[in-house]
Amino acid sequence: MRTDTADVEQLATPPAFQRISFARKFKNNLATTLFGAAFVIAVIPLLWVLWTLLERGLKPVLSTTWWTHSFNGLLPNDFGGGIYHALVGTLLEGLVCLVISVPLGIMVGVYLVEYGRQSRFAKVATFMVDILSGLPSIVAGLFIYALWITTFGFTRSGFAVALALLLLMIPVVVRVTETMLLIVPDELREAAYALGLPKWKTIMKIVLPTALSGILTGVMLGLARVLGETAPLLILVGYSASINFNLFQGELASLPLAIYMERSTGTVAGDYRMWGAALTLVVVIMLINLVASLLSKLFAIKTK
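Presented here is an overview of the structure given in this document. Here the structure is a predicted model, which is why all the values come from computation and not from measurement. (Residues numbered from 1 in each chain as written. Predicted model: local features only at pLDDT ≥ 70, side-chain atom pairs only at ≥ 80, totals over all residues. Heavy atoms only, no water.)

**Structural notes on the overall build of the chain**
Here is step 1: The secondary structure content of the chain amounts to 11 helices and zero strands.
Here is step 2: Put simply, the chain runs from its N terminus to its C terminus through helices and strands in the order α-α-α-α-α-α-α-α-α-α-α.
Here is step 3: A globule of 304 residues ought to have a C-alpha radius of gyration of about 19 Å, yet the chain, at 27 Å, is considerably larger.
Here is step 4: In terms of principal-axis extent, the alpha carbons of the chain reach across some 105 × 55 × 35 Å.
Here is step 5: Counting all 304 residues of the chain, 38% fall into the buried class.
Here is step 6: Pairs at least 24 residues apart make up 73% of the contacts formed inside the chain by residues separated by at least 6 positions. (Helix = DSSP H or I, 4+ residues; strand = E, 2+ residues; numbered from the N terminus. Rg over C-alpha atoms; globule rule 2.2 N^0.38 Å. Buried < 20%, exposed > 50% of the residue type's maximum accessible area, 1.4 Å probe, protein only. Contact = heavy atoms within 4.5 Å.)

**Section: the packing of aromatic side chains**
Here is step 1: Counted under the stated rule, the structure contains nine aromatic pairs.
Here is step 2: An angle of 70° between the planes, with centres 5.3 Å apart, marks the rings of F79 and Y272 as edge-to-face. Here F79, found in the loop between α2 (22-61) and α3 (84-116), pairs with Y272, found in helix α11 (residues 268-298); they are 193 residues apart in sequence, far enough to count as distant.
Here is step 3: Through a chain of ring-to-ring contacts, the aromatic side chains of W148, F152, F154, F159 and F248 assemble into a single cluster.
Here is step 4: A cation over a ring is seen here: K199 above Y115, with NZ or CZ 4.7 Å from the ring centre.
Here is step 5: Here the guanidinium or amino end of R273 rests over the ring plane of F71, the centre of that ring lying 5.4 Å away. (Phe/Tyr/Trp six-rings, centres within 6.5 Å; stacked < 30°, edge-to-face > 60°. Lys NZ or Arg CZ within 6 Å of the ring centre and 35° of its normal.)

**Digging into the packing of helix α4 (residues 120-133) against helix α6 (residues 158-183)**
Here is step 1: Axis separation between α4 and α6 bottoms out at 8 Å; the angle between their running directions is 125°. One way to sum up the angle between α4 and α6 is to call them oblique. Seen along the crossing, α4 lies across α6 with a hand that is left-handed. Along its contact with α4, which presents T126, V129, D130, L132 and S133, the element α6 presents L167, P171, V174 and R175.
Here is step 2: Here the residues of the contact of α4 with α6 are counted per class, giving five nonpolar, two polar and two charged. (Axes fitted to C-alpha atoms, helices over the stretch in contact; angles between N-to-C directions. Parallel < 35°, antiparallel > 145°, perpendicular 65-115°, else oblique. Left-handed = near helix turned anticlockwise from the far one by under 90°. Nonpolar A, V, L, I, M, F, W, Y, C, P; charged D, E, K, R; others polar.)

**Remarks on the side chain of S70**
Here is step 1: Turning to its location among the elements, S70 is positioned in the loop between α2 and α3.
Here is step 2: Since its relative accessible area comes to 15%, S70 is described here as buried.
Here is step 3: A polar contact of 3.3 Å, which involves the side chain of S70, links it to the backbone nitrogen of N72. (Polar contact = N/O pair within 3.5 Å; in protein donor to acceptor, adjacent residues only side chain to side chain.)

**Focus: the packing of α3 against α6**
Here is step 1: Relative orientation of the contacting elements α3 and α6 amounts to 35°, with a least axis distance of 7 Å. As α3 packs across α6, the resulting crossing turns out to be right-handed.
Here is step 2: Class assignment for the residues of the contact of α3 with α6 results in 22 nonpolar, five polar and three charged.

**Some remarks on the environment of I100**
Here is step 1: Among the structural elements, I100 can be located in helix α3.
Here is step 2: I100 sits 69 residues away from M169 along the chain, and the two C-alpha atoms are 9.9 Å apart.

**Quick word on helix α10 (residues 255-264)**
Here is step 1: Within α10, the full set of buried residues consists of L255, P256, L257, A258, I259 and E262.
Here is step 2: For α10, the elements touching its buried residues are α3, α9 (231-236) and α11.
Here is step 3: Phi for G266, located one or two positions after α10, is positive at around 70°.

**Re the nonpolar core**
Here is step 1: Residues I83 and L236 are the most contacted members of the largest nonpolar core, which totals 62 residues.
Here is step 2: The set of elements that each furnish at least two residues to this core consists of α2, α3, α5 (137-151), α6, α8 (199-226), α9, α10 and α11.
Here is step 3: Tallying contributions element by element places α6 first for this core, with 12 residues.
Here is step 4: Non-local contacts of I83, meaning those with residues more than four positions away in its chain, are made with W66, W67, H69, F71, L255, A258, A277 and T280.
Here is step 5: By size, the runner-up hydrophobic cluster in this structure holds six residues, among which are A125, V129, I170 and V174. (Core = buried A, V, L, I, M, F, W, Y, C linked by side-chain atoms within 4.5 Å.)

**Points about the pattern of salt bridges**
Two side chains with opposite charge may pair up if their charged atoms get near one another.
Here is step 1: Inspection of every chain in the model, using the stated rule, returns six salt bridges.
Here is step 2: One salt bridge connects R189 with D186, and the closest N-O pair in it is separated by 3.0 Å. Residue R189 and its partner D186 are located together in helix α7 (residues 186-194), separated by three residues, close to a single helical turn.
Here is step 3: Overall, the relative accessible area of 43% leaves D186 in the partly exposed class.
Here is step 4: One salt bridge in this structure joins E229 and R225, with 4.0 Å as the shortest N-O distance. (Salt bridge = Lys/Arg side-chain N within 4 Å of Asp/Glu carboxyl O.)

Dropping the structure here:
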């Protein structure tokens, strides 16, 4: 009798894994197909752009003088020359932007997370960071022109361009720092406080090292973004086909500005140099992204 009852209960119990209905399979396959099609549609323009860059820009980039010479002395119809002058200007502007924006952005992010929290000043700072995050590059260039050149009387220079790029990069660093610090568990802070560490030492020794990997990655990606901006360059500095290492005086070339100026020549040689400069800019951005990836792995928290 007990055996019969057990058999009946076993038959009445539904199986753990039921058969998937045709409607669910159809919806799943349809969603998979749509997502795959969307991915292909998004990748096709990217591959097209990369192929065009390689097809038209690889020849000048592989030339023997491209990385060691400038465009100085070349006429619009002359082939040859190199991108050394624009590469130097881009790296100098990026270095100044990096040196100034990273400490400021990290300190603001630390204040918002560790000290400010819900204070009125922190809310104002967050509001200003939100505004700067959506600031068009042309507006940043016009602001620096009105303040640095018109008001203070300084000349157009590469340093003015770096100041404009600061306005675009600081909110990126602040947001990345704020996000990464919020991810750090509060238990780490509480354990440090329980051991008697003051707050500033807890931040320096515990919190920042834990979030350092993500902060460095965000900083490098923010730098890669601002180095491709063109609008501030057109307003704040003149273009020079020769090499200039002085950020505070004289005209200074950069990769985006070189692309624009060579395109404006309207010649075959100008297009030749334009595509080479465009591919060079892509290579520089790619190298920065690779450095960001390596730094992320190098400073990541090691776990077993």
